[in-house]
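Summary of structural features
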Amino acid sequence: IADARPKSAPTARMPAPARALMATAIILPLHLYLNADGLAAMPVLLTTATMLRQPGIAESQRYCLGYGIGNALGGLAAGASVFIMLTHGNPVTLIATTAAVSMYFAWKVVQAERWAPILLPGFVAYVVLFGLSLSPVTPPGPPEVAERVLQILVAAVYSFCAASIAYPLFARRSSGSNLSAD
């Protein structure tokens, strides 16, 4: 079965030091902003770092879109699970809800492998956001889940835009330094 997705144009490989410098230049301001607001930034930063590991801008764009949709689905599932837990807060409901949503994500990934790049991040988002909602440190509630999903989506858009600007600059500088070294 042929892959219906368009192939991206071949891009020059950026050397690892240049990619690391570019990723640091993009992630550091995001990290400082999130920590200045006192937010637990790990899910947002992991999303950003994974997106920046893609080999080119087109791959980052596809990853950003799939990850954004997956996080939205996971956030919706986590919000619904939190609502169920707030209305029926006993351990049996917790186990049944977690098992049902987890099995649904797993079933859909196995049934339609094509959707795995969207559903796997959705499952991870569900587990992280539902787990954070049940944490005794933070008060549970669907608004917190929605806020976290929005943070991840905004960080993904920021990272994609920053990478679109920085990638050509860092690629040009690294290719120019390679030419002068020869």
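Scope of this entry: the structure provided in the associated data block. Position numbers for residues count from 1 along each chain, tracking the sequence in the order it is written. Restriction of local features to residues with pLDDT of at least 70 applies here, the model being predicted, together with a cutoff of 80 or more for giving and counting side-chain atom pairs; totals for whole chains, interfaces and linings are based on all residues. Side-chain measures here rest on the full set of heavy atoms in the structure, leaving out hydrogens and waters.

Quick notes on a nonpolar patch on the surface
Under the convention used in this document: Here the term patch refers to residues with relative accessible area over 30% and no salt bridge, with like charges joined within 9 Å and nonpolar side chains (Val, Leu, Ile, Met, Phe, Trp, Tyr) within 5 Å. A 1.4 Å probe and the Shrake-Rupley method give the accessible areas. Residues count as covered only by the protein chains that appear here. Only one rule defines a salt bridge in this text: a Lys or Arg side-chain nitrogen within 4 Å of an Asp or Glu carboxyl oxygen. Strands are runs of DSSP state E lasting at least two residues, helices are runs of H or I lasting at least four, and both sets are numbered from the N terminus onward.
A cluster of nonpolar side chains, contributed by L65, I69, L73 and L76, occupies part of the molecular surface with about 390 Å² of accessible area. Checked against the element boundaries, L73 lands in helix 3 (residues 57-87).

A closer look at the packing of aromatic side chains
What counts is decided by this rule: Here the aromatic set is Phe, Tyr and Trp, taking the six-membered ring for Trp, and pairing holds for ring centres within 6.5 Å; pairs whose planes are under 30 degrees apart are stacked, those over 60 apart are edge-to-face, and all others are tilted. Throughout this description, the term charge over a ring refers to an Arg CZ or Lys NZ atom that lies within 6 Å of the ring centre and within 35 degrees of the ring normal.
Taken as a whole and assessed by the stated rule, the structure comprises four aromatic pairs. Pairwise contacts between aromatic rings join F105, F123, Y126 and F130 into one cluster. Seen from the ring of W115, R114 lies directly overhead, with NZ or CZ sitting 5.7 Å from the centre.

A short note on the environment of L34
We apply this condition: Buried residues are those whose accessible area, probed at 1.4 Å on protein chains only, stays under 20% of the maximum for their type, while exposed residues exceed 50% and partly exposed ones sit between those limits.
With respect to the helices and strands, L34 occurs in helix 1 (residues 16-36). Owing to a relative accessible area of 4%, L34 belongs among the buried residues under this scheme. Sequence separation between L34 and V44 is 10 residues, and the spatial gap between their C-alpha atoms is 8.9 Å.

Everything listed is a geometric property; what it means functionally is a separate question.
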